[in-house]
Each structure stands twice: as C-alpha cells, then as structure tokens.
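Per-entry structural report
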Amino acid sequence: MTGSEIRQQFLDFFASKGHVIVPSAPIVLKNDPTLKFTNAGMNQFKDYFLGNKKAPHHRVADTQKCLRVSGKHNDLEEVGVDTYHHTMFEMLGNWSFGDYFKKEAIEWSWELLTEVYKIPKDQLYVTVFQGDAAENLEKDQEAYDLWKQFVPEERILLGNKKDNFWEMGETGPCGPCTEIHVDCRTPAERAAGDGARLVNADHPQVIEIWNNVFMQFNRLKDKSLEPLPAKHVDTGMGLERLVRVLQGKQSNYDTDLFMDTIHATEKLTGQTYGGSDSRKDVAFRVLADHIRAISFAIADGQLPASNEAGYVIRRILRRAVRYYFSFLEVRKPLLHELVPGLAKQFAHVFPELEKQVDFVKKVIFEEENNFLRTLGQGLERVEAAVADLNGSKVISGQVAFELSDTYGFPLDLTQLIAQEKGLTVDEKGFEAALKIQKDRSRAATALDVDDWVVLDEKAGVKFIGYTHLSADTKITKYRKI
Ligand code: ATP
Ligand code: MG
Ligand code: MG
Ligand code: MG
C-alpha cells in the first residue's frame, strides 16, 4: 500500500463513521499570537474547544500539515538523527465536538489499526493516565477498562501527567490522553527481550503512532477543575510513522513518502543513500525532511526572513545547506531542485505547492545561493589560514573559532575541510576561545536561537555566524553516530 492510499483509508474510515472530511489548515498561522506554526491537528479547532465558536459539524477528520521546530514542540535536533521525528509531518486526526467520547474513540482506533490496516494485535501497546494525587487527578479507569476488551493488561502501561494528560494552557480545556505505540522490532530483537519498558523512549523501534485526547475538564484560574458541559475528542496520528509500520520499514525515510526525494538527491549528488558513512545518510535524511518544511511553509506564505517565523524557515534551510555542504560535498544550490518532485508527489493532497512551484523554487534558490556565498567567504579564510601554517599540521583553535564566529562555520565543518587537506584542528584551543567569548558576551544584545546568532538587519548589522552553544550540541551529536 502506498502512503497516499494509507492516508485515504484513514479519511474513508472516519467518513464511514459519520465524520466530515475537512482540508488541512495552512502550516503558517498568521493570526494566533501564541503560535507561529501549526503544530497539531487541533490548532484550527481551538475556538470550538474554548467555546468561542460553534463547530459547524460534530464529527470531523483530516490530515493536517504540522511543523515542530519552535516553541513547546521543537523536534529539530532529532530530525535526520532518529528515524521518526520530522520537522514537517502530516497529522491524521478525528474529532468529536461534544459528540462521541472515549468508547467510540478507542473502539474505532482499534478497529482501524487492526481490521483495516491489519497491524498484528500483539504488536500494539497502549498507555493510559495513571492519575496524580498531588493535582487531585484520578486515574483514567474508563479508558483502561475500554482497552481491556482488546489489549492484555501487560501491554496497557500507565503514564504520568507529562505524557498522558493534555492541557491547552494554564487555563481552559484539558483531560487525560491515551497513546498507541507499535512494536516494530525484528523477531530476533523481540526474542532477545531488547527494550525493557516498551514505549518509544526505550527502544527506537517501538514508536508512538497515535494519541487520543479526551477533553473532559475545564481548568480554572484558581487551578481547580470543573467538568466540561460538552466533552470532546481530539486525536492525532503521524502519517509518516503509520506508513513506516504498514510498509514494514525500519525508518520513516524508507517509505515511499521520502524515498522519491532521496532518490532525486542521489541523482543530483552522484552519491548513494544507505552506504557505510552514517553522516552522509543523516544528510540525505535531513534534506528529504527539510525540503518539505521549507517548501510547504513558503507555499503557505511564510518566506525566509531575518526575524520571527521567517527566521525559523531560514534556519531550517541553512541547516539543510550545511548538511549537504559538509557531508555530501555539494558546493552549489541543490535544495531547490527537489521542489518539483515534491510538488508532484503532493499535488492531489496539498495542491498549493504545485500551483506555486516556480516561485517556491526561486525563493529557495536565492536563499541557498546567498548562504553558500557566506560559506564561500569562510572557505577563503580557511585557505588563508592554511597558507599561514608554516609547515604545521594543526589549524589553531583561534582560527577555528573565528571561522565559527564570523562565517558561521561550525567546528565540524572546519574539521572536515582540514581533514581534506591532511590537517587537524586544535579542538581544545577552540573550546577555550569559545569559553572566553561566552563569558564575555552574556550581556550581548543578540537574539540567541538554536543554530545562528542574528542581529537586527534594520539596525545596520547582519548575519554573523553560528552560536557556539549549538555548534557544541551538534558536534556532540555527530560524535555519537
Ligand atoms: P513523540 O513522543 O514521539 O515526540 P508526541 O507525544 O510529541 O510524539 P503528539 O503531540 O502526541 O506527539 O502528536 C500526535 C502524533 O503525531 C504522535 O503520536 C506521532 O505519531 C506524531 N508526531 C508527533 N511529533 C512528530 C514529529 N516530529 N514527526 C513526525 N510525527 C510526529
Ligand atoms: Mg514530541
Ligand atoms: Mg509522546
Ligand atoms: Mg503523544
């Protein structure tokens, strides 16, 4: 079954249960001061839950374009390194606005997963809220008993408030949630008992696919809870994870949702995915992921820019450039070439990209070109530093620091270039220079974000380079592989 067919089956299933299928909201939110990007299917229905608007239908389902790179949900650092967190992903969801509640939601999710999608029952785990005495919250016994009809008790795990109780904010609708996890370990891994407590944090092949939230309380200002007059259901299932399970893959990237882009990248770079260099593979995955986030954000009206939401998109784009520059040895704009394939792939579900394909391609090309030029200037600085070495085989920590600070070269990039020239970099010296700078710049006026420090261009200053903190983080990440 293809990813498209799997998406359609979800929608058809809920249509057959009386749901109206609605379009995805844009990935960019223009009029919500609390959120820059859609990060869950429920965002567009917030006013129904808050009682500000009346829902036109009691039962709704859709696939929602989501982006999790800022705010409460920021998965960026996992992307490409693990196999199931994306920047942009599709969240399949079904909703009840004051209509059905736990019984139908649980029974239908089980029916869909085991009878329509035919996931073996013994590979499914569920989690249920265990209660929280300090907060005066009870265990969700109702959900527990409903699951007991289908799932043996050793696979019903109790979870804490953090994982199994959802709140919209300090006040407002809230309630327990129940998650469904799939055990995708190989039979050998399963036989070896690998993965002590089987939820996604413990084993990379046991992943959460679906969350069902039951909004049944209203949290008041004094922190107390009152029952909601109308109870709601809000669910979200990651399409890419579901497709990975159904296509029997060990990674979301091995599904047809990503492989077309990965193959296109192979053609453009002359390199192969799945070889012996794990850093190259991370780069392939980062590109296949990031191009989706960038393209759909631009198509929905968020251009890359130097502040706010636009900066989030610019940062994702530059992260992708850095990966192809560092690990696929690509020196000219590449990402924009992936846009037409993506637009074609999604034409039937999110036609907004295909309609603007030339525009999106052009915006990305310009951005890549500009950033590559900065990288190019940094490279000239490396050449000059190498010419000054006087026979030494080590690039000093101070030079590596300057490259990072001024040209946005993270240490790993300088190391990569040094390696090509048979040189090494004085890492200790780099750390020392970094520490001095960090101590000195605590009171700096820079806006400190994950990958880069950017100053306000209007104030007459411009992009100056990566932040060291995150350069640190990334270096650690690469070492781990
Ligand atoms: P995880 O614990 O894996 O980070 P989550 O608990 O943060 O997931 P929810 O907020 O419950 O996720 O979202 C509902 C569903 O959306 C998840 O069960 C998962 O299938 C999917 N999902 C969440 N974050 C991502 C992501 N970054 N990439 C792909 N799918 C995701
Ligand atoms: Mg998460
Ligand atoms: Mg989770
Ligand atoms: Mg969850």
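Residues numbered from 1 in each chain as written. Chains lettered and ligands numbered in written order. Predicted model: local features only at pLDDT ≥ 70, side-chain atom pairs only at ≥ 80, totals over all residues.

An unreviewed UniProt entry lists the protein under the name Alanine--tRNA ligase, with Chitinophaga parva given as the organism. If you open the UniProt record of the protein and go to Subcellular location (unreviewed entry), you find "Cytoplasm". What UniProt records for the protein under Function (unreviewed entry) is the sentence "Catalyzes the attachment of alanine to tRNA(Ala) in a two-step reaction: alanine is first activated by ATP to form Ala-AMP and then transferred to the acceptor end of tRNA(Ala). Also edits incorrectly charged Ser-tRNA(Ala) and Gly-tRNA(Ala) via its editing domain." (UniProt positions renumbered as here; feature names shortened; annotations may be inferred.)

1. A short note on the overall build of the protein
Per the secondary structure count, the protein includes 17 helices and 16 strands. Sorting the 481 residues of the protein into buried and exposed places 43% on the buried side. (Helix = DSSP H or I, 4+ residues; strand = E, 2+ residues; numbered from the N terminus. Buried ≥ 20, exposed ≤ 12 C-beta atoms within 10 Å, placed from the backbone.)

2. Describing the site of ligand 1
As a matter of local geometry, ligand 1 sits amid 17 residues, with Asp-75, Phe-89, Asn-211, Gly-236 and Gly-238 nearest to it. Listing elements by their share of the shell around ligand 1, those giving two or more residues are strand E5 (88–97), strand E10 (206–219), strand E11 (225–238) and helix H7 (239–246). Considering every element that reaches the shell around ligand 1, the biggest residue donor is E10, with four residues. In terms of residue class, the shell around ligand 1 is made up of six nonpolar, six polar and five charged. (Near = placed C-beta within 6 Å. Nonpolar A, V, L, I, M, F, W, Y, C, P; charged D, E, K, R; others polar.)

3. So, the domain arrangement of the protein
Partitioning the protein into domains gives domain 1 (3–246), domain 2 (256–373) and domain 3 (388–481). Taken residue by residue, the interface counts 20 residues in domain 1 and 20 residues in domain 2. For the side of domain 1 that touches domain 2, the secondary structure elements donating two or more residues are helix H1 (3–16), strand E2 (59–67), strand E3 (69–70) and H7. (Domains from an automatic or database assignment. Contact = placed C-beta atoms within 7 Å.)

4. With respect to the packing of helix H11 (residues 339–346) against helix H13 (residues 357–387)
Their axes nearest at 10 Å, the elements H11 and H13 cross at an angle of 145°. At the point where H11 passes H13, the crossing takes the right-handed sense. Of the residues in H13, those touching H11 at Val-339, Pro-340 and Ala-343 are Val-357, Val-360, Lys-361 and Ile-364. Across the contact of H11 with H13, the residue classes tally to six nonpolar, no polar and one charged. (Axes fitted to C-alpha atoms, helices over the stretch in contact; angles between N-to-C directions. Left-handed = near helix turned anticlockwise from the far one by under 90°.)

5. Digging into the packing of H13 against helix H14 (residues 397–407)
Relative to each other, H13 and H14 sit at 160°, their axes nearing to 10 Å. In terms of orientation, H13 and H14 fall into the roughly antiparallel class. Read as a crossing pair, H13 and H14 show a hand that is right-handed. From H13, Thr-374, Gln-377, Gly-378, Arg-381, Val-382 and Ala-385 reach across to H14, where they touch Val-399, Leu-403 and Tyr-407. Of the residues in the contact of H13 with H14, the class split is five nonpolar, three polar and one charged. (Parallel < 35°, antiparallel > 145°, perpendicular 65-115°, else oblique.)

6. A closer look at helix H9 (residues 278–299)
For H9, which comprises 22 residues, the first-to-last C-alpha distance of 32 Å matches the rise-based estimate of 32 Å (1.5 Å per residue) to within 8%. Counted residue by residue, H9 has 19 buried out of 22 residues, so it is predominantly covered. Gly-301 occupies a position one or two residues after H9 and carries a positive phi of about 105°. (Expected span 1.5 Å × (residues − 1).)

7. Points about the nonpolar core
Leu-287, Ile-294, Ala-297, Ala-320 and Tyr-324 are the most contacted members of the largest nonpolar core, which totals 105 residues. A per-element tally of this core places H9 first, with twelve residues. Among the domains, domain 1 (3–246) and domain 2 (256–373) are the pair contributing at least three residues each to this core. Apart from residues lying up to four places away in sequence, Ile-294 is in contact with Ile-313, Ile-316, Leu-317 and Ile-364. Of all hydrophobic cores here, the second largest spans 15 residues; its members include Ile-395, Leu-403, Leu-413 and Ile-417. (Core = buried A, V, L, I, M, F, W, Y, C linked by C-beta atoms within 7 Å.)

8. Topic: unusual backbone geometry
A positive phi angle, near 60°, is found at Asn-136, a position not held by glycine. With respect to the helices and strands, the residue Asn-136 is situated in the loop between strand E6 (124–129) and helix H4 (141–148). Using a count of 10 C-beta atoms within 10 Å as the deciding quantity, one classes Asn-136 as exposed. In this structure, Asn-390 takes a positive phi of about 55° despite not being glycine. With respect to the helices, strands and loops of the structure, Asn-390 is situated in the loop between H13 and strand E12 (394–395). Accessibility expressed as a C-beta count within 10 Å gives 5 for Asn-390, which makes it exposed.

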